[in-house]
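# Structural description and commentary
Below are the chains, spelled out letter by letter.
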Amino acid sequence: MSDAELLDLHGEEWSLVLERGERAVPVWRHLGVRVDPGALPKLGELRGAATFSLEGDHAMDAFPVAGLGWFGPSILAVRGADGQALRVHFDGCDADSSEGSLRVVATDSVNDIECETRFRVVPGGGLEVSASLTNRSDRLIIVDRLASAMFPLGASSREIISWRGRHNAEFVECREPMPEHSWVRETRRGLTGHGGPCGAYVLSEDTGWHSGLAIAMQLAWSGDARLAIERDDEGFWIAMAETVIAPGEVTLAPGECYHAPPLLLAISTKGRNGAMAQMHGALRERIVWPRGGIRPRPVHLNSWEAVYFSHDEARIGELAEAAAAIGIERFILDDGWFRARDHDRAGLGDWEADPRKYPQGLKPLADKVRRLGMEFGLWVEPEMVNPDSDLYRAHPDWVLALEGRERPTARNQLVLDMRREDVRDYLFGKLDQLLSTVDIAYLKWDHNRDHAPSGGAAQTRGTYALLERLRTAHPKVEIESCAGGGGRIDAGIASYTHRFWTSDNIDAVARVPMQRGFLAFMPPEVMGAHVGASPSHATGRTQSLDFRAAIACQGHLGVELDPAAMEEGVRAKLADWLGFWKEWRHVIIGGRTVLGEAADGLVWQAQGTDDELLLWLIRSDHGADRRARPVLLPFAEDREWDVQFLRHAGQSGVLTPRAAPAIAAMREKPHRFSGDWLAHAGLPVPALAAESALIYHLRAVS
Ligand code: GLA
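Residues numbered from 1 in each chain as written. Predicted model: local features only at pLDDT ≥ 70, side-chain atom pairs only at ≥ 80, totals over all residues. Heavy atoms only, no water.

### Considerations on the overall build of the chain
- Across its full length, the chain holds 13 helices and 36 strands.
- Relative to its length of 702 residues, the chain is compact, with a C-alpha radius of gyration of 27 Å against a globular reference of 27 Å.
- At a minimum sequence separation of 6, the contacts of the chain that also span at least 24 residues come to 69%.
- About 27300 Å² of surface is accessible on the chain, with carbon and sulfur atoms providing 49% of the total.
- Within the chain, one finds 77 positive and 99 negative side-chain charges whose respective centroids are separated by 5 Å. (Helix = DSSP H or I, 4+ residues; strand = E, 2+ residues; numbered from the N terminus. Rg over C-alpha atoms; globule rule 2.2 N^0.38 Å. Contact = heavy atoms within 4.5 Å. Areas by Shrake-Rupley, 256 points an atom, 1.4 Å probe, with all protein chains shown as cover. Lys, Arg positive; Asp, Glu negative; His and termini not counted. Charge placed at Lys NZ, Arg CZ, Asp CG, Glu CD.)

Below, the structure written as structure tokens:
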């Protein structure tokens, strides 16, 4: 341990302070708003003895472990090779810090283990916390748990925002008060799940979208995970995040080290939007773009809802021509292209083009797509196998299964055992062959079922290893993470992927809250958002092309229908929207996202840079007010703005109220507003019908 009494690390908006006390391990003094740590009274001087308590004080330290006076949750649980729990007690601690990072290492001299936590300020101003455990002894140890992070939440904490979901209903927002006992969000299906990553936002008293203390967290992990917030019996809360480790799954031989996946933390006094901005920064650091940087996101056409399993080369060739004609830049051939894949009951595992559908393989189609000026992308579902496949017939032992037990299928498929090197080698071989012989710029990597039985954390690590190997061998190929829509959206897989398929539900009304939930954890440039058919295949609801397109324009735009099947006028409108998105994509995914709510059920969303943004005002359902109340835009404060009205995306056939002349004039030429006016009096807007949106352009002039 260094001589310093305080160990501290600061982001622009927050401070982390650990304090050295009487014991070996430093105690938590503060994690929250930015403070001058030197000005804080020492914790030891603030805590008098409580009745019915041990004599020595046991405040929460950096590596809390139950045993000698700490009665809260433990950061780890380990056993010896004989299965007996090791009674861990950290009696030594060292720390070092460098610009933007702090490392604390605690040692247990009796059990000879070492636990390390590293705090690092990440681009965007957030914090990454990583933990590892090293076995320094000369015998094997079994790790039952190691929290990625465990930290106190301040006294002002009021509410937990989290998300749940299912296939076709991702990111359903949940709001709950801070618990009297404990709050737990645990996933056990083997993958991230449709409720989004293992993460949550903790809001303080009076925190809203734009101001107040918000703490956001997200575990960088795509498997079973647990996030818990427990009320200590002293009255404060402890947050912890961890992967779920199956009993006996992680063992450490002498000298070996186990790394828990990092927890990303965002701590902001600028409300949910402030924490979201930090979260986006942390994600942007993890995404590895081919050729060293993000390039303009190409507009997609995905074949799935256009043709489902009905593939033949001529039909798909026509679809590609129709796509190119409306301005599509990347054509993705979805499920249905490989051997025996006429339905979802056969073929997974046999990753070769079906000669009945593509007699010369995929190369002629890919070349045609290239000639049409588009990139070619391909759907795969590598971790899966249908029992009706050559792969399964040859290797029935390659799936997650329990000896002598039934093998439950879902969508007629089983899960390959990604812990096995031979399985990973086979899949690498198949994918490498495709990527080496066909001009494929993009893989849509799907995963369409839960794991039963579980493959544990090693299954997730096996998938990461395969992705890593492919990325290394084919660094120019971008990958989309899909799992029955948005079942695998998280910062763990973000290190290997470049887009997420947000949901199989493309209904624009359903997408409004879903995309806002997505943005709580991920930046807009990786949010797959498509214009789908009407009626929507997922909900049966009918929406105007304009409204569908306006909502899809918030993310990485795509189209999921057959343009040739549209009426000429509607197709022209779609092409016009694609052109609109291309014109503004550099702004839309330019960095900054701000979410807000206005009166009477209107929601808004601004995306852009500090100086230039597009603003969506969205009305999903009809309002009750006769006239719309102005929309307050707190982010606009302190600057002057030119505001121009770009697009009205309404319901066709629905009477649109006539806008007041000044509002209508903003279509022709921008209107200059002071930031104070926009923030406190509000942007005047016309009343909107249900299922409509307005898009504005805002440019700062001072
Ligand atoms: C999943 C995906 C869809 C599509 C189908 C193909 O459901 O989410 O987008 O790729 O699989 O089977």
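### Let's talk about the domain arrangement of the chain
- Along its sequence, the chain is organised into domain 1 (5-43 + 58-286), domain 2 (290-501) and domain 3 (594-700).
- Relative to domain 3, the C-alpha centre of domain 2 lies at a distance of 41 Å. (Domains from an automatic or database assignment.)

### Section: the packing of aromatic side chains
- This model, assessed by the stated rule, comprises 21 aromatic pairs.
- Centre to centre, the rings of W163 and Y201 are 5.9 Å apart; their planes meet at 75 degrees, and the pair counts as edge-to-face. With W163 in strand β11 (residues 157-166) and Y201 in strand β14 (residues 199-204), this pair connects stretches of sequence that are 38 residues apart.
- A ring pair is formed by W577 and F580, whose centres lie 5.4 Å apart and whose planes are at 80 degrees; its orientation type is edge-to-face. With W577 and F580 both in helix α11 (residues 568-588) and three residues apart, this pair spans about one turn of that helix.
- Look at F580 and you get buried, because its relative accessible area is 4%.
- In this structure an aromatic cluster arises from ring pairing among W337, F338, W351 and W379. (Phe/Tyr/Trp six-rings, centres within 6.5 Å; stacked < 30°, edge-to-face > 60°. Buried < 20%, exposed > 50% of the residue type's maximum accessible area, 1.4 Å probe, protein only.)

### Re the site of the ligand
- Taken together, 13 residues are adjacent to the ligand, and D334, D335, K444, G485 and D504 come closest.
- W501 is positioned with one of its side-chain polar atoms (N or O) 3.5 Å from an oxygen atom of the ligand.
- With respect to the ligand, the side chain of D504 contributes an N or O atom lying 2.5 Å from an oxygen atom.
- Considered on its own, the ligand offers 300 Å² of accessible surface; in the complex 97% of this is hidden by protein. (Near = heavy atom within 4 Å. Polar contact = N/O pair within 3.5 Å; in protein donor to acceptor, adjacent residues only side chain to side chain.)

### Description of the sheet that holds strand β33 (residues 612-619)
- Taken in spatial order, the six strands line up as β31-β32-β33-β36-β34-β35 in an open sheet, and their pairing is antiparallel. Both edges of this open sheet fall to β31 (592-597) and β35 (671-674), since each of them pairs with a single strand only. In this sheet, neighbouring strand axes are inclined to one another by 25 degrees on average, regardless of whether the strands run parallel or antiparallel.
- Along the sheet, helix α9 (residues 508-519) contacts β31, β32 (603-608) and β33; its crossing angle with β32, the most-contacted strand, is approximately 45 degrees.
- In this fold α11 packs onto β32, β33, β34 (640-649) and β36 (692-700), with an angle of close to 125 degrees to the strand it touches most, β33. (Pairing = 2+ DSSP bridges. Axes fitted to C-alpha atoms, helices over the stretch in contact; angles between N-to-C directions.)

### Some words on the packing of helix α4 (residues 313-326) against helix α5 (residues 363-371)
- Taken N-terminus to C-terminus, the directions of α4 and α5 make an angle of 15 degrees; their axes are 10 Å apart at the nearest point. As judged from the angle between their axes, α4 and α5 are roughly parallel. For the pair α4 and α5, the crossing hand works out as right-handed. Only P364, L365, K368 and V369 of α5 make contact with α4, whose side of the interface consists of E313, I316, G317, A320 and E321.
- Of the residues contributing to the contact of α4 with α5, the split by class is five nonpolar, one polar and three charged. (Parallel < 35°, antiparallel > 145°, perpendicular 65-115°, else oblique. Left-handed = near helix turned anticlockwise from the far one by under 90°. Nonpolar A, V, L, I, M, F, W, Y, C, P; charged D, E, K, R; others polar.)

### With respect to the pattern of salt bridges
- Scanning the model with the defined rule gives 61 salt bridges in all.
- Between R272 and E173 there is a salt bridge whose closest N-O contact spans 3.1 Å. In this pair, R272 is assigned in helix α2 (residues 271-286) and E173 in strand β12 (residues 169-177), connecting sequence segments 99 residues apart.
- Here R272 falls in the buried class, since its relative accessible area comes to 6%.
- Between K582 and E329 there is a salt bridge whose closest N-O contact spans 4.0 Å. Of this pair, K582 sits in helix α11 while E329 sits in the loop between α4 and β22 (330-333); the two residues are 253 residues apart in sequence, bridging distant segments of the chain.
- Note on K582: relative accessible area 27%, which makes it partly exposed.
- The network of salt bridges with common partners includes R339, E352, D388, D390, R393 and K430. (Salt bridge = Lys/Arg side-chain N within 4 Å of Asp/Glu carboxyl O.)

### Considering the pairing of strand β6 (residues 101-108)
- The element β6 is extensively covered by neighbouring structure, given that six of its eight residues are classed as buried.
- Linking two consecutive strands that pair antiparallel, namely strand β5 (residues 92-98) and β6, is a turn of two residues; a positive phi of about 80 degrees is found at G100 within it.
- Sheet topology note: the β6/strand β7 (residues 113-121) ladder contains eight bridges and is antiparallel. Looking across to β7, one finds that T107 is bridged to E114.
- Between β6 and β7, which pair antiparallel in sequence order, lie four residues; one of them, D112, sits at a positive phi of approximately 55 degrees.

### Section: unusual backbone geometry
- In this structure, P453 follows A452 across a cis peptide bond, with omega equal to 5 degrees.
- Mapped onto the fold, P453 is located in the loop between β26 (442-445) and α8 (456-473).
- With an omega of 5 degrees, the peptide bond between S534 and P535 qualifies as cis.
- The topology assignment puts P535 in the loop between β29 (527-532) and α10 (545-552).
- You will see that D206, though not glycine, has its phi angle at about 65 degrees, which is positive.
- By the element assignment, D206 lies in the loop between β14 and β15 (214-219).
- On the basis of relative accessible area, D206 is assigned to the exposed category, the value being 68%.
- The phi angle at D638 is positive, at roughly 75 degrees, despite the residue not being glycine.

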